[in-house]
Amino acid sequence: MDVRAQIVMAFHLDKCIGCHTCSLACKNIWSDRRGTEYMWWNNVETRPGVGYPRGWEDQERYRGGGVAEGKNVNLKSMGKGRTLASLFFQPNLPRIEDYYEPFDYDYGNLAGAPEGDDQPVARALSQVSGQPIEHIQGSANWDDDLGGSRLYAASDPNLPDAAIVESYATMFMQYLPRICNHCLHPSCVASCPSRALYKRGEDGVVLVDQNTCRGWRFCISACPYKKVYFNWKSGKAEKCIFCYPRVETGQVNACAQSCVGRIRFVGVLLYDADGVAEALLQKDADLVEATRALILDPKDREVQKAAAKNGVSEQWIEAAIGSPVYALVKEFRLALPLHPEFRTMPMTYYIPSLSPVLSTMGDTYRLMEKGTISLPETLRVPVDYLARLLAGGNRGIVEEVMRKLYAVRVFMRGENLGQPADPAILQQAGLDREGALRLYRLFTIAGFNERNVIPPQQREGQTPELRKQEAGFGILQRVKSERNDLTRRGGKDD
Ligand code: SF4
Ligand code: SF4
């Protein structure tokens, strides 16, 4: 057992309101420079839609990620002849039109235009060429809120039937925030001929060494999530750095800190690195279970010993025990990886949206309690859609998540209305009262320090006493004592 630690973000899709505050927080800190104008290390897509860059999920076109061949997982974008042929030309890169030509407005003209008969205007100017743009053709969220759904939503490759978005009766919408997934098997790292990309041993964050990068752009082709970008000014690759300067000082990522919907959870997972290669060889539909199997119980003494032997500090093990992400991914089996079939083993996880139940079904709560209809029939967001997005097409995995989310909803509805729900509804979903209360708390009223459990970085020369004074340790203690109070308060805030 080769136990490693990974810092991970989980997203609760039901709670995202598509405000893009996260994207702006990220942009203001990290990509507000010349050459980075079109980059959105954090972006929020409207789904169904084509995303950013357009059609990024189409690996026939972009050839990102890995493919299982015999006993190996090989990069789709590379191979002996293919690598040499694409040394000076990457045929599968997104074009600037697939992102968008970044622009700003000529505000100076509003104040500085010479006197004339016309009202001065602020024309759009390309931030690449400086030339006016006559017709703006796109942006990072051009299809926001289903603008132009026939054009965009119907092209979503995850839709089981494109006709769903043709009718108001069946149309649906949700948001999908995306950052780099800091994958366990990052194809960007594997593809780099200069070895400029690397995965940090201490926390699993994937970074680009700017001094080593030679701008080959193999990483951009190889990443199936298109989360590496080319800085056209510096000629180097850039990507989300998981806000490591913040995380190293016990602070949470800018996107999570600013998240208005409080949809993000940040915490540590311990995993068995020995099993990654084997897990990636599984069939698409089995990849979620294979990934879950790699995630280890941080309370297990053997796991703790193996982690300590690998240099994982006591505080990181403590953080893994208090990790909300561990609870959501492994304990409750609710959060799922984005497109596991791309075979990079992404380390961001999504709780699929339960979505409004279809009002045409009548009082669905009662009908379901009576067993007249089953849950998947009532969901506005099709289960098949979510399965293609988050479970390698495995409907069963998504249905299990839906049953749990629904059970918590019905249970808490009963508690709050003083009409306790049938206990069987929790049992059938594999939950108990305490679990339901914990989930309810995490999803609704959990404070900042419960949603984000970040251990301080272990630095050279730091004594254990000094480390304990770091903010993160205090947070862990507080989370523990708050959790102990949970049952007493019945899941409600004081
Ligand atoms: S999502 Fe991030 S870590 Fe994974 S392959 Fe893409 S750039 Fe690399
Ligand atoms: S800030 Fe939060 S709620 Fe707003 S778009 Fe980003 S992830 Fe969604």
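Residues numbered from 1 in each chain as written. Chains lettered and ligands numbered in written order. Predicted model: local features only at pLDDT ≥ 70, side-chain atom pairs only at ≥ 80, totals over all residues. Heavy atoms only, no water.

(A) Structural context of the environment of glutamate 302. Inspection of the secondary structure puts glutamate 302 in helix H13 (residues 301–309). Of the residues examined, glutamate 302 reaches a relative accessible area of 48% and is grouped as partly exposed. Taking the C-alpha atoms as reference points, glutamate 302 and methionine 1, 301 residues apart in sequence, are found 9.5 Å from one another. (Helix = DSSP H or I, 4+ residues; strand = E, 2+ residues; numbered from the N terminus. Buried < 20%, exposed > 50% of the residue type's maximum accessible area, 1.4 Å probe, protein only.)

(B) Expanded view of the packing of helix H15 (residues 324–331) against helix H21 (residues 433–444). Here H15 crosses H21 at 125 degrees, and the two axes come no closer than 12 Å. Relative to H21, the element H15 is oriented oblique. Seen from above, H15 lies across H21 with left-handed handedness. Side by side, H15 and H21 meet where Pro324, Ala327, Leu328 and Glu331 of the first sit next to Arg438, Leu439, Leu442 and Phe443 of the second. (Axes fitted to C-alpha atoms, helices over the stretch in contact; angles between N-to-C directions. Parallel < 35°, antiparallel > 145°, perpendicular 65-115°, else oblique. Left-handed = near helix turned anticlockwise from the far one by under 90°. Contact = heavy atoms within 4.5 Å.)

(C) Summary view of the pattern of salt bridges. Summed over all chains, the structure comprises 26 salt bridges. A salt bridge links glutamate 450 to arginine 441, with the shortest nitrogen-to-oxygen separation between them at 3.0 Å. When its relative accessible area of 6% is taken as the criterion, arginine 441 is described as buried. (Salt bridge = Lys/Arg side-chain N within 4 Å of Asp/Glu carboxyl O.)

(D) How the structure looks around the nonpolar core. Leu270, Leu328, Leu334, Tyr349 and Phe443 are the most contacted members of the largest nonpolar core, which has 137 residues in total. Beyond its immediate chain neighbours, meaning those up to four positions away, leucine 334 contacts Leu328, Val329, Tyr350, Ile351, Pro352, Val401, Lys404, Leu405, Leu439 and Phe443. (Core = buried A, V, L, I, M, F, W, Y, C linked by side-chain atoms within 4.5 Å.)

(E) Local environment of the side chain of lysine 227. Tracing the backbone through its elements, the reader meets lysine 227 in the loop between helix H8 (218–222) and strand E10 (228–231). Lacking a salt bridge, the buried lysine 227 has glutamate 45 as its closest oppositely charged neighbour, with an N-O distance of 6.1 Å. One polar contact links the side chain of lysine 227 to the main-chain carbonyl oxygen of arginine 178, over a distance of 3.4 Å. When residues no more than four places from it in sequence are discounted, the contact partners of lysine 227 are Trp40, Trp41, Asn42, Asn43, Arg178, Ile179, Cys180, Glu238, Lys239 and Cys240. (Lys, Arg positive; Asp, Glu negative; His and termini not counted. Polar contact = N/O pair within 3.5 Å; in protein donor to acceptor, adjacent residues only side chain to side chain.)

Function cannot be read off these values alone, since they describe shape.
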